[in-house]
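Remarks on the overall topology
These are the residues of each chain, in order.
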Amino acid sequence: MQFLERNLPKIMLAPSFVAILIFVYGFIAWTGWVSLTRSRLMPRYEIDGLIQYQRLFDSLRWDTAFGNLFLFGALFIGISMILGLVLAIFLDQNIRAEGAIRTIYLYPMALSMIVTGTAWKWILNPGLGLEAMVRSWGYEDFTFDWLVNSDMAIYTIVIAAIWQSSGFVMALFLAGLRSVDGEIIKAAQIDGIPTWRVYSAIIIPSMAPIFLSAFIVLAHLAIKSFDLVIALTGGGPGFATDLPATYMFSMAFSRGDIGQAASSAMVMMGVVFAIVVPYLYSELRAKND
């Protein structure tokens, strides 16, 4: 009985621990192993070096997907953080109907990426959405065909993703703004420091951990983006809007190339680690100091 009392927390957590060990870390190890084989439709387990990674980096489609990831990620993260900060500062002025406005800004985050992608697909469809509406007003020469333009289609994903996530970033920054010591702000105002200077020199620098947290969350969303692309462009036109996640899905379930899917998954995990590990290291180091 005493043994049960002492070890009850461990016993309760054991099933979850085993499940995570098998279905998370076990499958990561399995994926890494398969990425080193010549697996095609069915997995093989004879190690054959880095042949899959060589094929991956020789693939024009992968080059497009990986380049799109950095373009999409830079625009999505940068604009979402700037827009979220501007909205947070706007709401921090104690305006009327703040609750209603905050709800409107946060509403897109309540929608799934599939719904967001479908809605923006209607909005940006040249025959049904924005272009058709403006032309119906008499502006017959107006065109907005980004959705079907292979050079511009990636930016439609950026637009939809920013619309979805900027409200969440705004909520993070607003919480950070409200946590700043009000006495410091009052002292700065008494000294005659302009409001913009108070924000730029005092408030925003003190929110560095929140900026870092927002960056980590947005980077994670950018790297694993799949459902938004599938709903909005399907990876097209052609594979112009492919991202690593859609490339991996296509290789695994459409092309029957498990080895390529596994190698692309491991590269994606490497990108995630390159972002998350330095963040965790800095957090642990700060706690130890």
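Residue numbers here run from 1 along each chain, matching the order of that chain's written sequence. It should be noted that, the model being predicted, local features are given only for residues of pLDDT at least 70 and side-chain atom pairs only at 80 or more, the latter also being counted only at that level, while totals for whole chains, interfaces and linings use all residues. Where side-chain values are given, they derive from all heavy atoms of the structure, hydrogens and water being excluded.

**A few points about the confidence of the model for the chain**
Worth spelling out the cut-off: Every residue is assigned a pLDDT by the predictor, reflecting its confidence on a scale from 0 to 100. Think of it this way: any DSSP run of H or I at least four residues long counts as a helix, any run of E at least two long counts as a strand, and we number them from the N terminus.
Confidence along the chain averages 87 in pLDDT terms, with 97% of residues attaining 70 or more. Of all the helices and strands in the chain, helix α8 (residues 182–190) carries the lowest mean pLDDT, 73, while helix α2 (residues 51–58) carries the highest, 94.

**Things to note about the nonpolar core**
Generally speaking, nonpolar side chains in soluble globular proteins are found buried as a group. This is how the line gets drawn: As used here, the term nonpolar core means buried Ala, Val, Leu, Ile, Met, Phe, Trp, Tyr and Cys residues forming a set that is joined through side-chain atoms within 4.5 Å. A 1.4 Å probe rolled over the protein chains alone gives each residue an accessible area, and that area as a share of the maximum for its type sets the label: buried under 20%, exposed over 50%, partly exposed in between. Whether two residues are in contact is decided by their heavy atoms: any pair within 4.5 Å suffices.
Membership of the largest hydrophobic core comes to 45 residues, with the highest contact counts inside it found for Phe 72, Phe 76, Ile 157, Phe 173, Ile 203 and Leu 218. For this core, the secondary-structure elements that each account for two or more residues are α3 (60–91), α5 (113–124), α7 (153–179), α8, α9 (195–206), α10 (208–223), α11 (227–232) and α13 (258–288). Top element by residues in this core is α7. It accounts for eleven residues. Once residues within four sequence positions are removed from consideration, Leu 218 is found in contact with Phe 76, Ile 77, Ser 80, Met 81, Ser 165 and Val 169. Of all hydrophobic cores here, the second largest spans nine residues; its members include Tyr 53, Trp 62, Ala 65 and Met 251.

**Side note on the side chain of Ser 39**
Mapped onto the elements, Ser 39 comes out in the loop between α1 (2–34) and α2. Classification of Ser 39 by relative accessible area gives buried; the value is 0%. Setting aside anything within four residues of it in sequence, one finds Ser 39 in contact with Val 34, Arg 44, Gln 52, Asp 257, Ile 258 and Gly 259.

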